[in-house]
Amino acid sequence: MPLIERIQHLNEARAWRGAIRLEGVYTAGVAGERWLRGLQEGKIYGTRCPRCRYTYVPARRFCERCLGELSEDAWIEVAPQGTLISWTRVHVAPDGAPLVPPRTIGLIRLDGADAVLVHELIGDGEWASGMRVEAVFRPPAERVGSIRDLLGFRRL
Amino acid sequence: MAGRRVAIVGAGMTKFVRRALETGQELAWEAASKALESCEMTLDQIDAVVLGSAPDAFDGVHMKVEYLSPGAGAWGKPTIRGYVGGGTGVFAAIQGWYHIASGMFDTVLVVCEEKMSSCHPHPQAAFNYIFDHTLERPLGPNLLWIFALEMNAYMTKYGLTKRDIAMVAVKNKRNAADHPAALLGDPNITVEDILQSEVLAWPVQRLDVSPVTDGAVAIVMAAEHVARRVTNKPVWVEGVGWSLDTQYWTNRDLSYPTYVEEAARKAYAMAGIKEPRKEIHIVEPYDPFDYKELHHLEGLLLADRGKAAELIALGIANRDGDMPVTPSGGLLGVGNPIAAAGLMKVAEIFWQLRGEAGKRQVPGQPRRGLAQAWGDLMQVGTVIILGI
Amino acid sequence: MERWVYPTTGLRAEDLERERVCLVRAPMNGEYAWDAGVAVGRFLAELKAGRLIGRRCRACGRVMVPPRMFCEQCFRPTDEWVPLADTGTVITFSVCTISWDMRRLEVPEVPAVIAIDGASPGMGIMHKLGEVGRTLEEILDRVRIGMRVQAVWKPAGEREGAITDILYFRPLEQ
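None of these values were measured; they are calculated from a predicted model.

Caption draft 1: Structural view of the overall build of chain C. The number of helices and strands found in chain C is three helices and 14 strands. Computed over the C-alpha atoms, the radius of gyration of chain C is 22 Å, more than 25% above the 16 Å expected from 2.2 N^0.38 for a compact globule of 174 residues. Over its C-alpha atoms, taken along the principal directions, chain C stretches across nearly 60 × 45 × 45 Å. Residues classed as buried in chain C amount to 36% of the 174 residues present. Taking all contacts inside chain C whose residues are at least 6 apart in sequence as the whole, residues at least 24 apart take part in 50%.

Caption draft 2: Region of interest: the overall build of chain B. For chain B, the helix and strand inventory stands at 15 helices and twelve strands. Against the 2.2 N^0.38 benchmark of 21 Å for 388 residues, chain B shows a C-alpha radius of gyration of 19 Å, consistent with a compact globule. Put simply, chain B has 388 residues, and 69% of those count as buried.

Caption draft 3: Broad picture of the interface of chain B and chain C. At the interface, 54 residues of chain B touch 45 residues of chain C. Elements that contribute at least two residues to the side of chain B that touches chain C include exactly β1 (6–14), α1 (24–38), α5 (123–127), α6 (143–158) and β6 (199–202) of chain B. Broken down by element, the residue count for the side of chain B that touches chain C peaks at seven residues, all from α6 of chain B. Its residues assigned to classes, the side of chain B that touches chain C comprises 28 nonpolar, 17 polar and nine charged.

Caption draft 4: Here's a closer look at the interface of chain A and chain B. Contacts between the two partners involve 19 residues from chain A and, on the opposite side, 24 residues from chain B. Sorting the residues of the side of chain A that touches chain B by element identifies β1 (15–27) and α1 (29–40) of chain A as the ones contributing at least two each. Looking at the side of chain A that touches chain B, its residues break down into nine nonpolar, five polar and five charged.

Caption draft 5: How the structure looks around the sheet that holds strand β4 (residues 75–77) of chain A. Residue and element names in this part refer to chain A. The strand order β3-β2-β4 describes an open sheet built from three strands, whose pairing is antiparallel. Pairing within the sheet leaves two strands with one partner each, and these edge strands are β3 (54–56) and β4. Mean inter-strand twist for the sheet, computed between neighbouring axes without regard to direction, equals 40°. With three bridges connecting them, strand β2 (residues 45–49) and β3 associate as antiparallel partners.

Caption draft 6: Fine view of the sheet that holds strand β7 (residues 117–122) of chain A. Residue and element names in this part refer to chain A. Pairing is mixed around the closed barrel formed by five strands, whose spatial order is β5-β6-β7-β9-β8. When the angles between neighbouring strand axes are averaged without regard to direction, this sheet yields 50°. Pairing of strand β8 (residues 132–137) with strand β9 (residues 150–155) involves five bridges; the strand directions are antiparallel. Directly across from Ala-135, in β9, lies its bridge partner Phe-153.

Caption draft 7: The arrangement of the packing of helix α4 (residues 88–101) of chain B against helix α15 (residues 338–353) of chain B in detail. All names here are of chain B. One way to put it is that α4 packs onto α15 with a least axis distance of 6 Å and a crossing angle of 60°. The pairing of α4 with α15 is recorded here as oblique in orientation. Here Thr-88, Gly-89, Val-90, Ala-92 and Ala-93 of α4 lie close against α15, whose contacting residues are Ile-338, Ala-339, Ala-340, Ala-341, Gly-342, Leu-343, Lys-345 and Val-346. Looking at the contact of α4 with α15, its residues break down into nine nonpolar, three polar and one charged.

Caption draft 8: Summary view of the environment of Ile-384 of chain B. Residues and elements named next belong to chain B. With respect to the helices and strands, Ile-384 occurs in strand β12 (residues 380–387). Its 32 C-beta neighbours within 10 Å are what place Ile-384 among the buried residues. Setting aside residues up to four positions removed in sequence, Ile-384 forms contacts with Val-90, Ala-93, Ile-94, Val-237, Val-240, Ala-267, Val-346 and Ala-371.

Caption draft 9: A look at α15 of chain B. Residue and element names in this part refer to chain B. With 16 residues, α15 ought to run about 22 Å at 1.5 Å a step, and its terminal C-alpha atoms sit 24 Å apart, in line with that. Of all 16 residues in α15, 16 are buried; the element is thus mostly enclosed. Positive phi appears at Gly-355, one or two residues downstream of α15, with a value of about 75°.

Caption draft 10: A look at unusual backbone geometry. The omega torsion of the bond from His-120 of chain B to Pro-121 of chain B falls at 5°, within 30 degrees of zero and hence cis. Note that Pro-121 of chain B resides in the loop between β5 (119–120) and α5. Here the bond from Trp-202 of chain B into Pro-203 of chain B is cis, since omega is 5°, no more than 30 degrees from zero. If you trace the backbone, Pro-203 of chain B turns up in the loop between β6 and β7 (204–205). Here the phi dihedral of Leu-67 of chain A falls at roughly 65°; this positive angle occurs in a residue that is not glycine. Summarising the element assignment, Leu-67 of chain A is placed in the loop between β3 and β4. Non-glycine residue Met-378 of chain B carries a positive phi angle of around 50°. Relative to the helices and strands, Met-378 of chain B is located in the loop between β11 (368–375) and β12. The class of Met-378 of chain B is buried, set by 22 C-beta atoms lying within 10 Å.

Caption draft 11: Representation of the nonpolar core within the structure. Residues and elements named next belong to chain B. By size, the foremost hydrophobic cluster in this structure holds 222 residues, and its most contacted members are Val-111, Ile-219, Leu-343 and Ile-384. The biggest single contributor to this core is α15, with twelve residues. Ignoring any residue separated from it by four or fewer positions in sequence, one finds Ile-219 in contact with Ile-8, Gly-10, Ala-11, Ala-35, Ala-93, Val-110, Leu-343, Val-346, Ala-347 and Phe-350.

Caption draft 12: Quick look at the pairing of strand β3 (residues 52–56) of chain C. All names here are of chain C. The element β3 is extensively covered by neighbouring structure, given that four of its five residues are classed as buried. With five bridges connecting them, β3 and strand β7 (residues 80–84) associate as antiparallel partners. Counted as the bridge partner of Arg-56 is Glu-80 from β7. Relative to strand β4 (residues 63–64), β3 is paired through two bridges, and the arrangement is antiparallel. When the sheet's bridge partners are listed, Arg-56 is paired in β4 with Val-63. Between β3 and the antiparallel strand that follows it, β4, lie six residues; Gly-61 among them carries a positive phi value of about 80°.

Caption draft 13: Structural detail: the packing of helix α7 (residues 162–176) of chain B against helix α12 (residues 290–299) of chain B. Residue and element names in this part refer to chain B. Following both chains from N to C, one finds α7 and α12 inclined at 100°, their axes separated by 7 Å at the closest point. Considered as vectors, α7 and α12 are oriented roughly perpendicular to each other. Between α7 and α12, the residues in contact are Ile-165, Ala-166, Val-168 and Ala-169 and Asp-290, Tyr-291, Glu-293 and Leu-294, respectively. Its residues placed into classes, the contact of α7 with α12 shows six nonpolar, no polar and two charged.

Caption draft 14: Region of the structure containing the environment of Ala-93 of chain B. All names here are of chain B. Within the element layout of this structure, Ala-93 appears in helix α4. As for Ala-93 and Val-383, which are separated by 290 residues in sequence, their C-alpha atoms are 9.6 Å apart. Discounting chain neighbours no more than four positions away, the residues touching Ala-93 are Val-110, Ile-219, Leu-343, Val-346 and Ile-384.

Caption draft 15: Representation of the confidence of the model for chain C within the structure. Chain-level pLDDT for chain C is 95 on average; 99% of the residues reach the 70-or-more range. The ipTM assigned to the predicted complex is 0.92, against a pTM of 0.94.

Rules and cut-offs
- Residues numbered from 1 in each chain as written.
- Chains lettered and ligands numbered in written order.
- Predicted model: local features only at pLDDT ≥ 70, side-chain atom pairs only at ≥ 80, totals over all residues.
- Helix = DSSP H or I, 4+ residues; strand = E, 2+ residues; numbered from the N terminus.
- Rg over C-alpha atoms; globule rule 2.2 N^0.38 Å.
- Buried ≥ 20, exposed ≤ 12 C-beta atoms within 10 Å, placed from the backbone.
- Contact = placed C-beta atoms within 7 Å.
- Nonpolar A, V, L, I, M, F, W, Y, C, P; charged D, E, K, R; others polar.
- Pairing = 2+ DSSP bridges.
- Axes fitted to C-alpha atoms, helices over the stretch in contact; angles between N-to-C directions.
- Parallel < 35°, antiparallel > 145°, perpendicular 65-115°, else oblique.
- Expected span 1.5 Å × (residues − 1).
- Core = buried A, V, L, I, M, F, W, Y, C linked by C-beta atoms within 7 Å.
- pLDDT = per-residue confidence, 0-100.

Spelled out as structure tokens, the structure:
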């Protein structure tokens, strides 16, 4: 079933067609900038709130639980290995077209983190919650400071 | 006065910048954490959160307020988004007021944010989608059209000149030179600078318009028993009002903002104000364009129709005049991150009444001030009156 | 209050252009088919036939354009279609020298609100004026609020049931 229902047989005389053409150009933010530069170096950082004892990955500069600042000493490197919390296989593209081959998307809790990260799962076969996975980075020369510097996660 | 007494007890804001490295969430957090710090409160003392932000298209984030919520301290709290376009900043404070006045909550954190720099090729593009999709958008409009059309109607009806109106931009940009968060403060700007700036959509020229801006503002509001514990200088909400005109803007009298008058009359009645020109000591009317400040002063009944420009020309609206208007520097000077700009005006009245406005302080210990915002398709007026 | 202003990190345009900071660019390409609805659907069909029409509310007596099937003041259905003239009066106008994405236009556009003859006073629609000059100075010299104007239609065979079936309004010969 397509995610977007296609409307057929519009009465052309009574519908006005148009498009919304905008481009979002997004900065990563103060914490995001540093976190992405970390990925570029092959490192995954988190920030740990000492008050709430919660570690955010991706790293943030404030704790949403207490609104306290997560300053320099809150930054820690987390492991590139973690546990698969949940996963899905996506067979339909956002425009409703079939996606061949399908993509597999996982929620991963890296060792040392509390928050989970969403990313691609790499490799064939079945996946199961609780599996151990590890990060796969692009070769250093291809990294640009993007979430795509991580290709995804594969079975450990 | 309806409901329980409500005070503003703290305020904070980001510097207003043309484009921020910070994400919208981070901007919200910078303002929210400053506001809490200013009244020595922590997030666990906040009962509910009100978030305000203008169209999602600016930040390019659908359901923007849900996205912003972590930075606004909304985690695990009752949270609501108010949205009346450009009128949002003042409306968010009104929402904070009724959350507490109703007896539902004792403390509310109100946060407004806008990150317009995300929108390319220009934030103007996002405004195209406020025009009627079938009858107006095919004509290829841009946002400036409606302001220019309204400004021309106003100027023509009352025989005002561009020079009369440019004096507003001069006053506000000069006032903003003393605002530590300002993007466009300029102590030396002159009427000639405004009149010689590039024509965008006559009669609107470049310096008649407030700039594209990123920023956030937050205030903390509290019920009386909490407010008296938190601070010895609570600033009370004395009156609020809001009203909406028809969306059919081409059917309206564009020379007068009836909806602002309706909102103001509600707020004056609630505050027990009979003679607003004597009883309001400071005004922060919404000034995204210079003529709008004049338009709104008239709608607020603080000037006769067509006569607001005289307040500016005679210096009555200066910071040391009889009725200071936009002592902050306003949207024209401090900047216009839409919803945040409206809440900045509320924060300015708060700081002025507490005597904490620094170099911008209005002399004579003002006791009552009014902030007003305006928006949607030029159709909403939102008014709040604060007093000590 | 200076203490309560956070020193936010401002970027320059070139920081983005040269990608000195991490950026994500994402176009939003929403395509829509907006239903014209009952009142505007009929209005568009009449435009195709070269006519303007409005809608009367018998409770308040207003003849409204753009037409709607309900009166937002009386909050009741409107009652009947009213043929309008294709002439009117300029309520207000602007001379726009930039495009929607802030590029300069070679020839300025002249958007206007035009009160349509046959509708109630002040009932305007947004459109453009034409044949009024090619520079800001020329246009300001020729156009006045209160000026009488008339629609210039596309040839009948080229009309498609759109507001652009009227090319523009031009000054009416006195």
